[in-house]
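Residues per chain are reported as follows:
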Amino acid sequence: MAPRRVGFGPRGLPAPQPLLLLLLLLGPWPAGGHGGKYSREKNEPERPPKREPGAEFRMEKLNQLWEKARRLQLSPVELSELHADLKIQERDEFSWKKLKAEGLDEDGEKEAKLIRNLNVILAKYGLDGRKDARAVSGNSLGDGTEQDGLEDPRLEKLWHKAKTSGKFSREELDKLWRELQHHREKVREYDVLLETLSRTGEIQENVISPGDMSRVQEEVLGSRHAELQDRLRGISQGFDRLQKVSHQGYGGDAEFEEPRVIDLWDLARSANFSEKELESFREELKHFEVKIEKHNHYRKQLEISHQKLKHVERFGDHEHVSRNKERYALLEEKTKELGYKVKKHLQDLSGRVSRARHNEL
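Calculation criteria
Residues numbered from 1 in each chain as written. Predicted model: local features only at pLDDT ≥ 70, side-chain atom pairs only at ≥ 80, totals over all residues. Heavy atoms only, no water. Helix = DSSP H or I, 4+ residues; strand = E, 2+ residues; numbered from the N terminus. Expected span 1.5 Å × (residues − 1). Buried < 20%, exposed > 50% of the residue type's maximum accessible area, 1.4 Å probe, protein only. Axes fitted to C-alpha atoms, helices over the stretch in contact; angles between N-to-C directions. Parallel < 35°, antiparallel > 145°, perpendicular 65-115°, else oblique. Left-handed = near helix turned anticlockwise from the far one by under 90°. Contact = heavy atoms within 4.5 Å. Nonpolar A, V, L, I, M, F, W, Y, C, P; charged D, E, K, R; others polar. Salt bridge = Lys/Arg side-chain N within 4 Å of Asp/Glu carboxyl O.

Draft legend 1. Helix α10 (residues 275-315), seen in detail. Over its 41 residues, α10 runs 60 Å from end to end, which matches the ideal 60 Å to within 8%, given 1.5 Å per residue. Taken together, the buried positions of α10 are Phe281, Leu285, Phe288, Glu289, Ile292, His295, Asn296, Arg299, Leu302, Ser305, Leu309 and Val312.

Set out below in structure tokens:
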């Protein structure tokens, strides 16, 4: 048999065989054990991405929202509140991804709630392109003044009655004004949530009968309506309390000063807590109120620092500008950090009260 001839390339090297050439063109093969249906990589939950250098968040979509907000020139306090809201959103989304990997969100309700929450954030800070829908929380804008208005004739009436009654000291009127503003923001947030649910088709008014929905769909829809009902119930109870205070004044046994803490305490007292649990919750609310007061202090300092920086940038020298920018940056970071801690603590406390109330029902 004649020996097989081996061709040579232009440099005197053996010419590659057709099969070898095909393998080279196809590129490297995956290492054994990687990419298979049952491989570890395929079945482990996706790791949260690391934050890019200079980025505020680990999730790119949240970084895009943050940059958009900065272009809208929100005030420093508004930006710090938005930052805290987005940090909470990011934390909740990573928690949901872990649950999903474990198969614990089969009906998709937790995912739907995350989408609702993000839509509410977009509307709250005017990031959804609907300028008329922007209603940034009054809790994030310092003390506020009477010029801000209360947007509700019933609240305006309560405020006028309290001011002219002679039953309130200056400090008590300041406290009542903060409570009225807080109530206004609760109504705003309820309206934004209701409008968001309606716009995304999550409130189905055209369902012909319960038989048109599966059991899972019915439960999901029920939970969304329950969230609205809880908020509406809280608004109603809050207004009743404000009505009573505006008529009778503050008693000497007032537990708390901060409106969000007062709300939580009122809800806790009507929840299914034992005496020991209620006392423990009261002590935690005291710590929470101190945390809020500290955050409020830094928000005020941030706003003052921002105004001073603008003035120095116009009239000061380079050294003054540099010093004020450094102080402003430190206050900005501290305010963001405290804002996140306050919102996280509020979320945890609200969840505990809500679970206790639902267990009672």
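Draft legend 2. Representation of the packing of helix α4 (residues 76-101) against helix α5 (residues 109-124) within the structure. In contact at an axis separation of 10 Å, α4 and α5 are set at 165° when each is read in the N-to-C sense. Here α4 lies roughly antiparallel to α5, going by the angle between them. Where α4 crosses over α5, the handedness of that crossing is left-handed. Counting all contacts with α4, which are made through Leu82, Asp85, Leu86, Gln89, Asp92, Glu93, Trp96 and Leu99, the residues of α5 involved are Lys110, Glu111, Leu114, Asn117, Leu118, Ile121 and Lys124. Its residues placed into classes, the contact of α4 with α5 shows seven nonpolar, two polar and six charged.

Draft legend 3. Representation of unusual backbone geometry in the model. Even without a glycine there, the phi angle at Gln73 is positive, about 60°. By the secondary structure assignment, Gln73 is in the loop between α3 (60-71) and α4. Gln73 sits in the exposed class, given a relative accessible area of 71%. Here Glu151, not a glycine, exhibits a phi torsion of approximately 65°, which is positive. By the element assignment, Glu151 lies in the loop between α5 and α6 (153-165).

Draft legend 4. Structural detail: the pattern of salt bridges. Inspection of the entire model under this criterion finds 29 salt bridges. With a shortest N-O distance of 2.5 Å, Glu255 and Arg282 are connected by a salt bridge. Residue Glu255 is located in the loop between α8 (215-248) and α9 (259-269), and its partner Arg282 is located in helix α10; the two are separated by 27 residues in the primary sequence. On the basis of relative accessible area, Glu255 is assigned to the partly exposed category, the value being 36%. One salt bridge connects Glu284 with Arg352, and the closest N-O pair in it is separated by 2.6 Å. Placement of the pair is Glu284 in helix α10 and Arg352 in helix α11 (residues 318-360), with a sequence separation of 68 residues. The exposure class of Arg352 is partly exposed, given its relative accessible area of 29%. Overlapping salt bridges, with partners in common, bring together Glu81, Asp85, Lys124, Arg299 and Lys343 in one network.

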